[in-house]
Amino acid sequence: MQYPEPIAKLIDSYMKLPGIGNKTATRLAFYTVDMNKDDVKEFSHALLATKEDLHYCSICGNLTDEDPCEICRDKTRDQTKILVVEQPKDIMVMEKVQEYHGLYHVLHGVLSPIEGKGPEDLNITSLIRRLQKNGEVKEVIVATNATPEGEATAMYLSKLIKPAGIRVTRLAHGLSVGTDIEYADEMTLFKAVQGRTEM
Ligand SMILES: [Zn+2]
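Under an unreviewed UniProt entry, the name given to the chain is Recombination protein RecR, and the organism recorded is Lentilactobacillus hilgardii. We quote the UniProt Sequence similarities (unreviewed entry) comment for the chain here in full: "Belongs to the RecR family." Quoted verbatim from the Function (unreviewed entry) field of the UniProt record, the comment on the chain reads "May play a role in DNA repair. It seems to be involved in an RecBC-independent recombinational process of DNA repair. It may act with RecF and RecO."

(A) Quick look at the packing of helix 1 (residues 5-15) against helix 2 (residues 22-34). At a closest axis distance of 8 Å, the pairing of helix 1 and helix 2 adopts a crossing angle of 125°. On the basis of their axis angle, the class for helix 1 and helix 2 is oblique. Judged by the sense of rotation from one axis to the other, the crossing of helix 1 with helix 2 is right-handed. From helix 1, I7, L10, I11, Y14 and M15 reach across to helix 2, where they touch N22, A25, T26, L28, A29, T32 and V33. Residues belonging to the contact of helix 1 with helix 2 are distributed by class as follows: nine nonpolar, three polar and no charged.

(B) Geometry of the nonpolar core. With 36 residues, the main nonpolar core has L83, V84 and A143 as its most contacted residues. Residue assignment for this core shows that the elements contributing at least two residues are strand 3 (78-85), helix 5 (88-95), strand 4 (102-106), strand 5 (139-142), helix 7 (148-161) and helix 8 (186-194). A per-element tally of this core places strand 3 first, with four residues. Setting aside residues no more than four positions away along its own chain, V84 makes contact with H105, L107, L127, V140, I141, V142, A143, T144 and L157.

(C) Quick look at unusual backbone geometry. Omega for the peptide link from D67 to P68 comes to -5°, which places this bond in the cis form. With respect to the secondary-structure elements, P68 resides in the loop between strand 2 (63-64) and helix 4 (70-73). Backbone geometry at H108 places phi at a positive 60°, although glycine is not the residue there. Along the polypeptide, H108 turns up in the loop between strand 4 and helix 6 (125-133).

(D) Fine view of the domain arrangement of the chain. As far as domains go, the chain holds domain 1 (5-52) and domain 2 (63-198). Here the C-alpha centroids of domain 1 and domain 2 sit 34 Å apart.

(E) Up close: the pairing of strand 5. Pairing between strand 3 and strand 5: four bridges, direction parallel. If you follow I82 over to strand 5, its bridge partner there is V140. Note that strand 5 and strand 6 (residues 167-170) share four bridges and pair parallel. In the sheet register, V140 faces strand 6, and the bridge partner there is V168. Note on the crossover from strand 5 through helix 7 to strand 6: the handedness is right-handed.

Calculation notes
Residues numbered from 1 in each chain as written. Predicted model: local features only at pLDDT ≥ 70, side-chain atom pairs only at ≥ 80, totals over all residues. UniProt positions renumbered as here; feature names shortened; annotations may be inferred. Axes fitted to C-alpha atoms, helices over the stretch in contact; angles between N-to-C directions. Helix = DSSP H or I, 4+ residues; strand = E, 2+ residues; numbered from the N terminus. Parallel < 35°, antiparallel > 145°, perpendicular 65-115°, else oblique. Left-handed = near helix turned anticlockwise from the far one by under 90°. Contact = placed C-beta atoms within 7 Å. Nonpolar A, V, L, I, M, F, W, Y, C, P; charged D, E, K, R; others polar. Core = buried A, V, L, I, M, F, W, Y, C linked by C-beta atoms within 7 Å. Buried ≥ 20, exposed ≤ 12 C-beta atoms within 10 Å, placed from the backbone. Domains from an automatic or database assignment. Pairing = 2+ DSSP bridges. Right-handed = clockwise from strand over helix to strand, strands pointing away.

Encoded structure:
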């Protein structure tokens, strides 16, 4: 016997999520059937809103429902520092660390010859434009992950930015090589920001 189509479709949808196999997807689908209608409506609206109401900030590339994003609008933040991350979710990680109060820039990836990802595929042009337009920035902190691609991207940015007389530093990853900053604990990140090194 096959599941009725709405359930089969829901199982398929859940299976598109990372780490969810057929068994879990089936359990979630039947759980959804038992949920009250208002909760399901709220859930479906929340899902849709991620596509309809979220955009990338035109300044920093962060995910936001308002443009510019909250961080770029906040004039009380240290306008002399920009911390460069790979993904919007890395900003949330860094924000939990009370050590950093500057601005951010999201690359949306890293240089990866294997995946055919070059500088033009990353959010780099807007970073350079930002530095040229805003003479206030004195330091760019590169917080790409401690992977070969993350290191290569950091080197690339350093060569690009340093000639403009702007300090380029790298997070002192107390992390083992290959670790994403998203999995680092707050104390490690705190130390990484404090002990950042010149590039
Ligand atoms: Zn922004």
